[in-house]
Amino acid sequence: VRVPCAVLRARLLQPRVRDLLAEQSYAGRVLPSDLDLLLHMNNARYLREADVARIAHLTRCGVLEALRALGARAVLAASCARYRRSLRLFEPFEVRTRLLGWDDRAFYVEARFISLRDGFVCALLRSRQHVLGTSPERVVQHLCKRRVSRPPSPARLPLAP
């Protein structure tokens, strides 16, 4: 239910983002159902929140629409998480997502969990979205209506093939 709601919210209530590499934000709060036995946010919840934020991000910048127009789809192929500090019950946070770049097969997305209490980066997740049925290059060309060169690759990007 959360992902369809995030997609509808991104399509209908939020402005379209034209810059593919622009950072976007998705707000959240740690709920009682998110807690583990140590009373902080469970690591599976970080992955869920990152997934919802990533889908909203790809919707707002038009990638999901371009995939549909090209008869293609994207699947999560890999993810890597680094947990730095726990988020506690009812703590507000923001997931800041950005497209790091792409290669011949996949888009690379980063999600940072920022505590709104003090601005600390509590977790960092990077993921690889494989594109099936076309290439990331064609998706970007479809969006930009022209050929676009890839951004420089980050120096150390886990998940690269």
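Heads up: the structure comes first, above all this text.
Rules and cut-offs
Residues numbered from 1 in each chain as written. Predicted model: local features only at pLDDT ≥ 70, side-chain atom pairs only at ≥ 80, totals over all residues. Heavy atoms only, no water. Helix = DSSP H or I, 4+ residues; strand = E, 2+ residues; numbered from the N terminus. Buried < 20%, exposed > 50% of the residue type's maximum accessible area, 1.4 Å probe, protein only. Polar contact = N/O pair within 3.5 Å; in protein donor to acceptor, adjacent residues only side chain to side chain. Contact = heavy atoms within 4.5 Å. Pairing = 2+ DSSP bridges. Axes fitted to C-alpha atoms, helices over the stretch in contact; angles between N-to-C directions. Parallel < 35°, antiparallel > 145°, perpendicular 65-115°, else oblique. Left-handed = near helix turned anticlockwise from the far one by under 90°. Nonpolar A, V, L, I, M, F, W, Y, C, P; charged D, E, K, R; others polar. Salt bridge = Lys/Arg side-chain N within 4 Å of Asp/Glu carboxyl O. Expected span 1.5 Å × (residues − 1). Patch = residues over 30% accessible without salt bridge, like charges linked within 9 Å, V, L, I, M, F, W, Y side chains within 5 Å. Areas by Shrake-Rupley, 256 points an atom, 1.4 Å probe, with all protein chains shown as cover.

A. Spotlight on unusual backbone geometry. Unlike most non-glycine residues, L39 shows phi in positive territory, near 65 degrees. Among the secondary structure elements, L39 is positioned in the loop between β1 (24-29) and α2 (43-60). Although it is not a glycine, K145 sits at a positive phi angle of roughly 60 degrees. Looking at the secondary structure, you find K145 in the segment after α4 (136-144).

B. The arrangement of the environment of F113 in detail. Within the secondary structure, F113 sits in strand β4 (residues 106-115). For the pair F113 and D34, spaced 79 residues apart in sequence, the C-alpha to C-alpha distance is 15 Å.

C. Spatial organisation of the side chain of T97. For T97, the location among the structural elements is in strand β3 (residues 92-102). A relative accessible area of 2% places T97 in the buried class. For T97, the side chain forms a polar contact with the side chain of H57, separated by 2.8 Å. In this structure T97 touches A22, E23, Q24, A53, R54, H57, E110 and A111, once residues within four positions along its chain are discounted.

D. Focus on the sheet that holds β4. With antiparallel pairing, five strands are arranged side by side in an open sheet as β1-β3-β4-β5-β2. Looking at which strands have only one partner, the edges of the open sheet turn out to be β1 and β2 (73-83). Averaged over neighbouring strand pairs, the angle between their axes works out to 25 degrees when direction is ignored. Against the sheet, α4 contacts β3, β4 and β5 (121-132), and its axis sits at roughly 75 degrees relative to β4.

E. View of the packing of helix α1 (residues 2-12) against α2. Relative to each other, α1 and α2 sit at 30 degrees, their axes nearing to 9 Å. The pairing of α1 with α2 is recorded here as roughly parallel in orientation. Note on packing geometry: the crossing formed by α1 with α2 is right-handed. The segment α1 lies against α2, with R2, V3, A6, V7, A10 and R11 engaging R48, E49, D51, V52, I55, A56, T59 and R60. Residue composition of the contact of α1 with α2, grouped by class: seven nonpolar, one polar and six charged.

F. Region of interest: the pattern of salt bridges. Considering all chains together, one arrives at 13 salt bridges under this definition. A salt bridge links E110 to R112, with the nearest nitrogen and oxygen atoms 3.6 Å apart. Across the pair E110 and R126 runs a salt bridge, and its minimum N-O distance is 3.0 Å. Residue E110 is located in strand β4, and its partner R126 is located in strand β5; the two are separated by 16 residues in the primary sequence.

G. Highlighting α2. Between the first and last C-alpha of α2 there are 26 Å, a value that for 18 residues agrees with the 26 Å anticipated at 1.5 Å per step. Regarding α2, its N-cap is N42, as a side-chain oxygen of that residue lies 2.7 Å from the backbone nitrogen of A44 further along. Immediately downstream of α2, the backbone of G62 shows phi near 90 degrees, a positive value.

H. Structural context of a nonpolar patch on the surface. On the surface, L8, L12 and L13 cluster together into a nonpolar patch covering about 370 Å² of accessible area. The residue L12 is located in helix α1 in this model. Given a relative accessible area of 66%, L12 falls into the exposed group.

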